[in-house]
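Structure assessment
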Amino acid sequence: MTVLILGATGLVGAKCVQHSLADTRIDRVIAVTRRPMDTSHPKLTNLIVDYEHLEDYADGMRADAVLSALGTTLKQAGSPSKFRRVDYDYQLRAAEIARKNGTKTFVLLSSGGADAKSVLLYTKVKGQIEAAITKLGFDRLAILRPSLLLGERQGHRPAEAMATWVSDRLSFVFTGALKRFKPIEGDIVAQAMINAVQKPYTGVRLVENLEIFTWAKS
Ligand SMILES: NC(=O)c1ccc[n+]([C@@H]2O[C@H](COP(=O)([O-])OP(=O)(O)OC[C@H]3O[C@@H](n4cnc5c(N)ncnc54)[C@H](OP(=O)(O)O)[C@@H]3O)[C@@H](O)[C@H]2O)c1
């Protein structure tokens, strides 16, 4: 089993790499990044790419399953079109290459509230990429929709740091009807993404926030 990980230097992507290297069901891990990783391992290949010319790297992207934890923020990207370039164009191009390469399983890290008709840019683009990748017709597509992601990131992300601080102190709020919005550790999401590769299903599975906790366990 070869898995390919997009966004392998990010909060969730780096955990996907870590877990898949430790997972005896996985023989080889291809981590696609735009800058060299500081991890080395006999199972790991770090494929450094220019996402603007991703087709040039298609041969090195052959895998049984692709896990995508790629994404940026509007603030980091600098404009709505640049945000869309990463979260929609780059991810779709990678998925198209995977489909052409014969990859059977695609695991997409989307977001709670993803909706192609949303008036909010973030949730709209997430809904649109879900729909576009669904159309490609992978044998198995798992779409994970987490709530706020918790964990240490490289770089300064004040909005997420503040949200984490607040959610730590208000964890008692996430009970009853609000339980489905419970913030979730990037580590748990990564384990659920890896387990999604092994799960016995066909077609498309939408995995909402609370179900991610369950998928991470089995
Ligand atoms: N933050 C949340 O609370 C939250 C909640 C739900 C869903 N999500 C979604 O979950 C996904 C993963 O989130 P995360 O927090 O793990 O992300 P993250 O830590 O910001 O990592 C994002 C990854 O995407 C890569 N990337 C960003 N911009 C790029 C560009 N222009 N070209 C190439 N690679 C680029 C980063 O590479 P570099 O290391 O080179 O920058 C990194 O590997 C994202 O799609 C995010 O929208 C986030």
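Below is a summary of the structure that appears in this document. As the structure is a computational prediction, the values presented were derived from the model and not from experiment.

A separate point is the sheet that holds strand β2 (residues 28–33). Strand order across the open sheet formed by seven strands is β3-β2-β1-β4-β5-β6-β9, with parallel pairing between neighbours. For this open sheet the edge positions go to β3 (44–48) and β9 (203–208), each flanked by a neighbour on one side alone. Averaged over all pairs of adjacent strands, the angle between their axes in this sheet comes to 15 degrees, without regard to strand direction. Examined bridge by bridge, β2 and β3 share five bridges and lie parallel to one another. Within β3, the residue paired with Val32 across the bridge is Leu47. Contacting β1 (2–6), β4 (65–68) and β5 (105–109), helix α3 (residues 80–100) runs over the sheet at an angle of about 175 degrees to β4. Sitting on the sheet, helix α6 (residues 186–198) touches β1, β4, β5 and β6 (140–145), and the angle it makes with β5 is about 160 degrees.

The environment of the ligand is formed by 24 residues, the closest being Gly7, Thr9, Gly10, Leu11 and Gly71. Of all elements in the fold, only α1 (11–22) and α3 reach the threshold of two or more residues within the shell around the ligand. Here the element with the most residues in the shell around the ligand is α1; it accounts for three residues. Grouping the constituent residues of the shell around the ligand by class yields 11 nonpolar, eight polar and five charged.

Our next topic: helix α4 (residues 121–135). If you check α4, its first and last C-alpha atoms are 21 Å apart, about what 15 residues at 1.5 Å a residue would give, namely 21 Å. Residues of α4 that are buried make contact with α3, β5 and β6. Of the residues trailing α4, Gly137 is marked for its positive phi of about 75 degrees.

Reading guide: rules and limits
- Residues numbered from 1 in each chain as written.
- Predicted model: local features only at pLDDT ≥ 70, side-chain atom pairs only at ≥ 80, totals over all residues.
- Pairing = 2+ DSSP bridges.
- Helix = DSSP H or I, 4+ residues; strand = E, 2+ residues; numbered from the N terminus.
- Axes fitted to C-alpha atoms, helices over the stretch in contact; angles between N-to-C directions.
- Contact = placed C-beta atoms within 7 Å.
- Near = placed C-beta within 6 Å.
- Nonpolar A, V, L, I, M, F, W, Y, C, P; charged D, E, K, R; others polar.
- Expected span 1.5 Å × (residues − 1).

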